Protein chains: 2
Amino acid sequence: MKLRLSKRALQEDFQGNFVKMILEVAAKGDLISFAGGLPNPASFPVEEIKAAAIKVLETKGSYSLQYNSAEGYGPLREFIANRYRKQGVNVEAKDILITNGSQQALDVISSCLVDPSDTVLVEDPSYLAALQSFHLYNPNIKTIDLNEDGADVEQFRESMNKYDHKFFYAVPNFQNPTGITYTNAVREKIAEIMKGKDTFFIEDNPYGELRFKGEHQKSLYTYLGDQAILLGTFSKTVSPGLRIGWIVCGIKELMQKMTEYKQLIDMHTSTFVQVVVTQYFEDNDYDAHIKKIIDMYGKQCGYMLEAMDKHLPDDMHWTHPEGGMFVWATLPKGIDAVEFYKKAADAGVAVVPGEPFYEAKRGLGTLRLNYTNSKPEDIDKGMSILAKVIKDMRK
Amino acid sequence: MKLRLSKRALQEDFQGNFVKMILEVAAKGDLISFAGGLPNPASFPVEEIKAAAIKVLETKGSYSLQYNSAEGYGPLREFIANRYRKQGVNVEAKDILITNGSQQALDVISSCLVDPSDTVLVEDPSYLAALQSFHLYNPNIKTIDLNEDGADVEQFRESMNKYDHKFFYAVPNFQNPTGITYTNAVREKIAEIMKGKDTFFIEDNPYGELRFKGEHQKSLYTYLGDQAILLGTFSKTVSPGLRIGWIVCGIKELMQKMTEYKQLIDMHTSTFVQVVVTQYFEDNDYDAHIKKIIDMYGKQCGYMLEAMDKHLPDDMHWTHPEGGMFVWATLPKGIDAVEFYKKAADAGVAVVPGEPFYEAKRGLGTLRLNYTNSKPEDIDKGMSILAKVIKDMRK
């Protein structure tokens, strides 16, 4: 038989193909890896999840193994809403839809808001799997450059005047891939420009709790209320393997449509996992747990920045994240990041070139470097190898 | 702000609206319910899942809480493939994609195969949440009537000649909603008609293991090989709250596209749940467990058929399922099922009218009755109430 795929399946996936290529290179050998985006497994609360699972199966066994409602487990939605309120963000449990990680949240939002050729706005560079998710819905994607203090406000204003966006998707805290955080001033200006327009700010915030330096910046919800849709996840603070994320949306009609869509795509997120993670929160000090991760990642980031200062040439520059998992580095002029990452892999170090994080820009000299998963000595050794690769490429 | 939903979100959802109406009626009071589709929680292996969760967290804790690959956990795919092979269906682990229940499998398949206006073929009546899932992709849906021995072969032949289908979606074992099972003869004829054409048989098989009477009928895979795509789930034999289903697809290119799509919509199914359920299978006699469910449901079905014989009028007829969870009944001529279900709910019994299971037919006198979740005395009492409602409606 002849296979007749849908147009959607046949669509070119630049980001996807690029990631595949990276994984193939990375699979070649035993590399020092700055390429991943994985939380450090040393941070997983294995014992506590075990205790929670036992308790759940002993006290709510049948409930936790039965079908549940599409919007998610009530007590988990309550816990999340409470946590927002403690942080000064006025969210109610009814405004929360539980998803399989925040990756699914992207699909749910796009499905309910985006028709083909609608314009959506993203950061440049942006989270690559968000770009891929949006591409499924064939929007016109417009981009806003990132500065050290967040999205470029003047570009944002121009884009708002010029295009009719369905939403602006951004990761304002410790962005993936750049590690950049929007200042309160930038948040406020962007909110002013958006306020009252028929468009949403999608605030994706997987790393917000992982601040090891500086001051907490306010959620866009504080400035925009229901015009901000928030995405959250426990992937970086509890465990990504559970697959628990959520959407906060204060607009009842949209929440209802998203819940109906969630029901059609997979009924609901695992009851068992939702009840277990809720039990974990009930019986443990989540803040103390996060504090441990912050201490770990803060140190790791410090090691990496130190090693970069020590080994990398003066004509390179990089971001200095105050939290999250990534440093974003720019290679010396004339060195192509794609060529660099191949040579680096041959030399024993995996990095991710910036290319797939851009919607359209190509041939840039940017790299994403992850620091959460390497030993200090490997970070140092890895950076010295990268420095040597740069030196060789200059010849 | 003005909310601007996508066309997809604004689309009329007859099935969804109908289900909402049913749930509202059912929520009114303390009803005897034949309306659900839930497995009996008495069948959940709570203790065994607890033991598995403990073992997993003690021996593979970090692994089970980390990100995993989109296609699913290797040993789980091996287990599923082995089980197929034991049943004479020649499946390999690489042909299996793990999904969040088989509901997600429907979305994955549609996304990769269906463009707007493509024709897809379904049973009439069909599984209502499959209809809803397909509607998201705007196909032309054509229908095939069901007879007691399966899909109407002559109608199927005509439809194959007249339309260019992307696939035929069917539940050949103990169908939802009718309880009907395709005989091997019907399977063979349908396979003959399809063989070599550029179309798939999507065999959704949530209830296949739950046969309490009669002979096992062969999977369409036996007749059609890679031209059959199989959907499976542990929702009806282990627990629906875990959310583990899968797709079997022997066509490498399609499997790759589906895996890429799965990665974009939610990365992967919960690692934790996949590893726990695999541990459960390693340490327990799954067949013995299924045997217990079969015994339970066989008895429950017997009670229901007995009560129907005893109470319901002679001018009604119904299916006699050999497995699964549902009986399909046809009311006496002139009694509308939608009116009936409202009156039945007022009288204290919840049923599901057939209406939302049909793509287009309306105003029929069919009902879906679930027997897996009621006590024998409630089944008897419920049927006597339904008989009284019918009697009153005839006046």
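Residues numbered from 1 in each chain as written. Chains lettered and ligands numbered in written order. Predicted model: local features only at pLDDT ≥ 70, side-chain atom pairs only at ≥ 80, totals over all residues. Heavy atoms only, no water.

**Notes on the domain arrangement of chain A**
All names here are of chain A.
Okay, step 1: Splitting chain A by domain gives domain 1 (11-44 + 288-394) and domain 2 (46-283).
Okay, step 2: Taken over C-alpha atoms, the centre of domain 1 sits 25 Å from the centre of domain 2.
Okay, step 3: Opposite the 31 residues of domain 1 that make contact, domain 2 presents 35 residues.
Okay, step 4: Between domain 1 and domain 2, a total of about 3,000 Å² is buried, with carbon and sulfur atoms accounting for 62% of that surface.
Okay, step 5: On the surface where domain 1 and domain 2 come into contact, there are 3 salt bridges.
Okay, step 6: With a shortest N-O distance of 2.9 Å, Asp-145 and Lys-361 are connected by a salt bridge.
Okay, step 7: Along the contact surface separating domain 1 from domain 2 lie 15 residue pairs in polar contact (both at pLDDT 80 or more).
Okay, step 8: At the level of secondary structure, the elements contributing two or more residues to the side of domain 1 that touches domain 2 comprise α2 (14-26), α13 (286-311) and β11 (326-330).
Okay, step 9: Ranked by residues supplied to the side of domain 1 that touches domain 2, first place goes to α13 with 7 residues.
Okay, step 10: Residue composition of the side of domain 1 that touches domain 2, grouped by class: 17 nonpolar, 9 polar and 5 charged. (Domains from an automatic or database assignment. Contact = heavy atoms within 4.5 Å. Buried area = accessible area lost by both parts, 1.4 Å probe. Salt bridge = Lys/Arg side-chain N within 4 Å of Asp/Glu carboxyl O. Polar contact = N/O pair within 3.5 Å; in protein donor to acceptor, adjacent residues only side chain to side chain. Helix = DSSP H or I, 4+ residues; strand = E, 2+ residues; numbered from the N terminus. Nonpolar A, V, L, I, M, F, W, Y, C, P; charged D, E, K, R; others polar.)

**Overview of the UniProt feature "domain: Aminotransferase class I/classII large" (unreviewed entry) in chain A**
Okay, step 1: Taking the numbering used here, the UniProt-annotated feature "domain: Aminotransferase class I/classII large" (unreviewed entry) corresponds to residues 43-383 of chain A.
Okay, step 2: The span residues 43-383 of chain A shows a helical share of 45% and a strand share of 17%, and its end C-alpha atoms are spaced 24 Å apart. (UniProt positions renumbered as here; feature names shortened; annotations may be inferred.)

**Comments concerning the side chain of Glu-355 of chain A**
Residue and element names in this part refer to chain A.
Okay, step 1: Relative to the assigned elements, Glu-355 resides in the loop between β13 (352-353) and β14 (366-370).
Okay, step 2: Put simply, Glu-355 is tucked away with no salt bridge, and the nearest opposite charge, on Arg-362, sits 4.7 Å away.
Okay, step 3: For Glu-355, the residues in contact, after removing those within four places along its chain, are Phe-14, Phe-18, Val-338, Lys-361, Arg-362, Gly-363 and Leu-364. (Buried < 20%, exposed > 50% of the residue type's maximum accessible area, 1.4 Å probe, protein only. Lys, Arg positive; Asp, Glu negative; His and termini not counted.)

**Observations regarding the packing of aromatic side chains**
Residue and element names in this part refer to chain A.
Okay, step 1: The tally for this structure, following the rule as stated, stands at 39 aromatic pairs over all chains.
Okay, step 2: Their ring planes at 85° and their centres at 6.5 Å tell us that Tyr-84 and Trp-246 sit as a pair that is edge-to-face. Of the two residues, Tyr-84 is situated in helix α5 (residues 74-86) and Trp-246 in strand β9 (residues 245-248); the sequence distance between them amounts to 162 residues. Comparing Tyr-84 with Trp-246 shows no difference in burial state: the two are buried. (Phe/Tyr/Trp six-rings, centres within 6.5 Å; stacked < 30°, edge-to-face > 60°.)

**Thoughts on the sheet that holds strand β10 (residues 317-318) of chain B**
All names here are of chain B.
Okay, step 1: Sheet architecture is open: 4 strands sit in the order β10-β11-β14-β13, paired in antiparallel fashion. Of all strands in the sheet, those bounded by a partner on one side alone are β10 and β13 (352-353).
Okay, step 2: Direction of pairing for strand β11 (residues 326-330) relative to strand β14 (residues 366-370): antiparallel, over a ladder of 5 bridges. Paired with Thr-330 across the two strands is Thr-366, which belongs to β14.
Okay, step 3: Helix-sheet contacts for helix α13 (residues 286-311) involve β10, β11 and β14, and the interaxial angle to β11 is about 20°. (Pairing = 2+ DSSP bridges. Axes fitted to C-alpha atoms, helices over the stretch in contact; angles between N-to-C directions.)

**Regarding the pattern of salt bridges**
Okay, step 1: Overall, the coordinates contain 38 salt bridges over all chains when judged by the stated rule.
Okay, step 2: Between Lys-166 of chain A and Asp-118 of chain A there is a salt bridge; the shortest N-O distance is 2.8 Å. Of this pair, Lys-166 of chain A sits in strand β6 (residues 165-170) while Asp-118 of chain A sits in the loop between α6 (101-113) and β3 (119-124), and the two are 48 residues apart along the sequence. Asp-118 of chain A matches Lys-166 of chain A in its accessibility class, with the two residues each being buried.
Okay, step 3: Taking the shortest distance from any N to any O, the salt bridge between Lys-94 of chain B and Asp-95 of chain B comes out at 3.0 Å.
Okay, step 4: The exposure class of Lys-94 of chain B is exposed, given its relative accessible area of 53%.
Okay, step 5: One network of salt bridges, in which partners are shared, links Glu-47 and Lys-50 of chain A together with Glu-58 of chain B.

**A word on the packing of helix α8 (residues 153-162) of chain B against helix α9 (residues 184-194) of chain B**
All names here are of chain B.
Okay, step 1: Across the interface, α8 lies against α9 with an axial gap of 10 Å and an inter-helix angle of 10°. On the basis of the axis angle, α8 is roughly parallel to α9. Contact residues: α8 offers Val-153, Phe-156, Arg-157 and Met-160, while α9 offers Val-186, Lys-189, Ile-190, Ile-193 and Met-194.
Okay, step 2: Along the lines of polarity and charge, the residues of the contact of α8 with α9 split into 7 nonpolar, no polar and 2 charged. (Parallel < 35°, antiparallel > 145°, perpendicular 65-115°, else oblique.)

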